[in-house]
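Tertiary structure, described
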Amino acid sequence: GQCSLCACSTGTGTAKEHCSGHGTCFAACSAKVCQDVHCVCDPGWMGSKCSDPVPTTTTTTMVTCNDKQVSSCSSCDEDDCMDDCFWRDGACQYRVDCGAHFATSCSECGDEFQ
């Protein structure tokens, strides 16, 4: 017989596999033939047979130190440590404005910030 699910098949030899093992094969089938055969990929996979991992993107959030855009406060020296950052414990750190003082996180601000 004709392989009507070949659009999904990724098996080799006698091993049966559909959609590279990373998806589900869907088709509109009658008693004799299947049409609109396609893979629906699992999260994290793409491609006609789900063989390609979805590329991961990393987003770099820039911060400002003395009007300079940098990737993190730790790259600023003490003289430039201002704007989004503040100097504490010998290092430039990201700041959260707690009103009366700066902190490195909301949890450090405590009740005063909430």
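Residues numbered from 1 in each chain as written. Predicted model: local features only at pLDDT ≥ 70, side-chain atom pairs only at ≥ 80, totals over all residues. Heavy atoms only, no water.

A few words now on the overall build of the protein. A count of helical and extended segments in the protein gives one helix and 10 strands. In the protein, the succession of helices and strands from N to C terminus is β-β-β-β-β-β-β-β-β-β-α. Counting the 114 residues in the protein, one finds 19% classified as buried. Contacts in the protein between residues at least 24 apart in sequence constitute 13% of all its contacts with a sequence separation of at least 6. Surface exposure of the protein reaches about 8,000 Å², of which carbon and sulfur atoms provide 51%. (Helix = DSSP H or I, 4+ residues; strand = E, 2+ residues; numbered from the N terminus. Buried < 20%, exposed > 50% of the residue type's maximum accessible area, 1.4 Å probe, protein only. Contact = heavy atoms within 4.5 Å. Areas by Shrake-Rupley, 256 points an atom, 1.4 Å probe, with all protein chains shown as cover.)

A few words now on the pattern of salt bridges. Overall, the coordinates contain two salt bridges when judged by the stated rule. Of the charged contacts in the structure, one is a salt bridge between Asp80 and Lys68, with a shortest N-O distance of 2.9 Å. Of this pair, Asp80 sits in the loop between strand E6 (68-70) and strand E7 (85-88) while Lys68 sits in strand E6, and the two are 12 residues apart along the sequence. On the accessibility criterion, Asp80 (15% relative accessible area) is buried. Of the charged contacts, one joins Arg88 and Asp89 as a salt bridge, the two residues approaching to 3.6 Å between their closest N and O atoms. What makes Arg88 partly exposed here is its relative accessible area of 26%. Here Asp89 falls in the exposed class, since its relative accessible area comes to 70%. (Salt bridge = Lys/Arg side-chain N within 4 Å of Asp/Glu carboxyl O.)

Any link to function would need more than the numbers given here.
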